[in-house]
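Below, each chain spelled out in residue letters.
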Amino acid sequence: MTWEVRVEPLIALVIGFLGARLAGLAGVEALDAWQPALRVGLALMFVFTGVAHFVPRLRAEIIDMVPPSLPRPGLLVTVTGVLELAGAVGLLIPATARWAAAGLILLMIAMFPANISAARRKTAMGEAIGPRTAQQIVYIVAAALVLV
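Below is a short write-up of the structure. None of these values were measured; they are calculated from a predicted model.

Rules of the game
Each residue is numbered by its place in its chain's sequence as written, counting from 1. Per-residue local features are limited, in this predicted model, to residues with pLDDT of at least 70; the limit for side-chain atom pairs, both in listing and counting, is 80 or more; totals at the level of whole chains, interfaces and linings are taken over all residues. Note that the side-chain values use all heavy atoms of the structure and ignore hydrogens as well as water. Here a strand is any run of E in DSSP of at least two residues, a helix any run of H or I of at least four, and the numbering for each starts at the N terminus. It is over C-alpha atoms that the radius of gyration is taken, and the globule rule equals 2.2 Å times the number of residues to the power 0.38. Think of it in three bands: with a 1.4 Å probe and only protein chains considered, a residue is buried below 20% of the maximum accessible area for its type, exposed above 50%, and partly exposed in between. For this analysis, residues touch if any pair of their heavy atoms sits within 4.5 Å. Surface exposure here means Shrake-Rupley accessible area, sampled with a 1.4 Å probe, where a residue is shielded only by the protein chains that are shown. Positive: Lys, Arg. Negative: Asp, Glu. His and the chain ends are not part of the count. To locate a charge, take atom NZ for lysine, CZ for arginine, CG for aspartate or CD for glutamate. Angles shown run from 0 to 180 degrees and are taken between the N-to-C directions of axes, each axis being a line fitted to C-alpha atoms and, for helices, limited to the stretch in contact. Here roughly perpendicular refers to angles of 65 to 115 degrees, roughly parallel to angles under 35, roughly antiparallel to angles over 145, and oblique to all remaining angles. Asp, Glu, Lys and Arg are counted as charged, while Ala, Val, Leu, Ile, Met, Phe, Trp, Tyr, Cys and Pro are counted as nonpolar; the rest, among them Gly, fall into the polar class. Lining residues are defined by having an atom within 4 Å of a point belonging to a cavity or pocket. Those points lie on a 1 Å grid over the protein atoms alone, cavities being sets where a 1.4 Å probe fits but cannot get out and pockets being open sets with protein on both sides within 12 Å along at least five of seven lines. Grid points are joined across faces, edges and corners, and a volume is the space filled by probe spheres set on the points. Between Lys or Arg on one side and Asp or Glu on the other, a salt bridge is scored when a side-chain nitrogen of the former is within 4 Å of a carboxyl oxygen of the latter.

When helices and strands are counted, the protein chain shows six helices and zero strands. Helices and strands in the protein chain line up, N terminus first, as α-α-α-α-α-α. For 148 residues, the compact-globule formula gives about 15 Å, and the C-alpha radius of gyration of the protein chain, at 16 Å, lands near that figure. Along the longest, intermediate and shortest principal axes, the C-alpha atoms of the protein chain span 50 × 30 × 25 Å. A buried classification covers 39% of the 148 residues belonging to the protein chain. Relative to all contacts within the protein chain whose residues are 6 or more apart in sequence, the contacts with residues 24 or more apart total 69%. Accessible area of the protein chain: about 8,000 Å², with a carbon and sulfur share of 74%. Here the protein chain contributes 11 positively and 8 negatively charged side chains, and the mean placements of these two sets differ by 8 Å.

In the contact formed by helix 5 (residues 97–121) and helix 6 (residues 129–147), the axes pass within 8 Å of each other and the chain directions differ by 170°. Relative to helix 6, helix 5 is oriented roughly antiparallel. On helix 6, the residues that touch A97, R98, A101, A102, I105, M108, I109, F112, N115, I116 and A119 of helix 5 are I129, R132, T133, Q136, Y139, I140, A143, A144, V146 and L147. Residue classes in the contact of helix 5 with helix 6 are distributed as 16 nonpolar, three polar and two charged.

For T133, the location among the structural elements is in helix 6. C-alpha separation for the pair T133 and I62, spaced 71 residues apart in sequence, amounts to 17 Å.

This paragraph deals with the layout of surface pockets. The space that makes up the largest pocket amounts to roughly 820 Å³. Taken together, 35 residues line the largest pocket, and the ones lying closest to its centre are H53, I62, M65, E84 and M111. Those elements that provide at least two residues to the lining of the largest pocket are helix 1 (8–25), helix 2 (34–52), helix 3 (56–65), helix 4 (73–92), helix 5 and helix 6. Counting residues per element, the lining of the largest pocket draws most heavily on helix 5, at seven residues. Broken down by class, the residue content of the lining of the largest pocket amounts to 24 nonpolar, six polar and five charged.

With that settled, the discussion passes to the pattern of salt bridges. All told, the structure shown has three salt bridges when counted by the stated rule. A salt bridge links E61 to R6; its shortest N-O distance comes to 4.0 Å. On the criterion of sequence distance, the pair formed by E61 in helix 3 and R6 in the segment before helix 1 is long-range, its members being 55 residues apart. Classification of E61 by relative accessible area gives buried; the value is 17%. R21 is the salt-bridge partner of D32, the closest N and O atoms lying 3.6 Å from each other. Here the residue D32 occupies a position in the loop between helix 1 and helix 2, and R21 occupies one in helix 1, the gap between them amounting to eleven residues. The partly exposed category is assigned to D32, whose relative accessible area is 44%. Classification of R21 as partly exposed rests on a relative accessible area of 22%.

Nothing here speaks to function; it is all geometry.
Structural data, given as structure tokens:
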């Protein structure tokens with residue numbers, strides 16, 4: 001098996017951030033700072049990853065990532081997908097953005113063992129753990145910047 005490194009979520013984060021930042025510079029007052037633009041980028045990323053939990057082919061691969069020791073992997077994937085989507089919405093509402101970012105940080109930390117398990121078991125979505133860890137750190141740091 002060759003290792004793939006999935007960069008789609010990172011691309012969504014960067015494109016969302018840059019697009020929102022450009023909109024801010026073009027006069028959209030609500031996006032005329034780096035932090036609101038970052039919230040948009042993160043929201044786009046979590047919509048992208050959250051929706052994947054419900055796309056049949058991708059859902060099967062995500063379910064396969066769940067460590068075998070955990071019960072009801074389908075339910076866990078549904079719950080995490082809903083939490084990612086709810087967190088994305090929360091990031092876009094200034095009054096809830098900090099709470100959403102904190103919750104998403106906790107969710108990313110809680111879900112990271114599934115990435116390790118998937119890499120060790122060489123599942124379809126298992127990625128080389130080094131690059132995947134680096135990406136996870138980027139996502140957590142981006143969400144933490146919403147907290148400041």
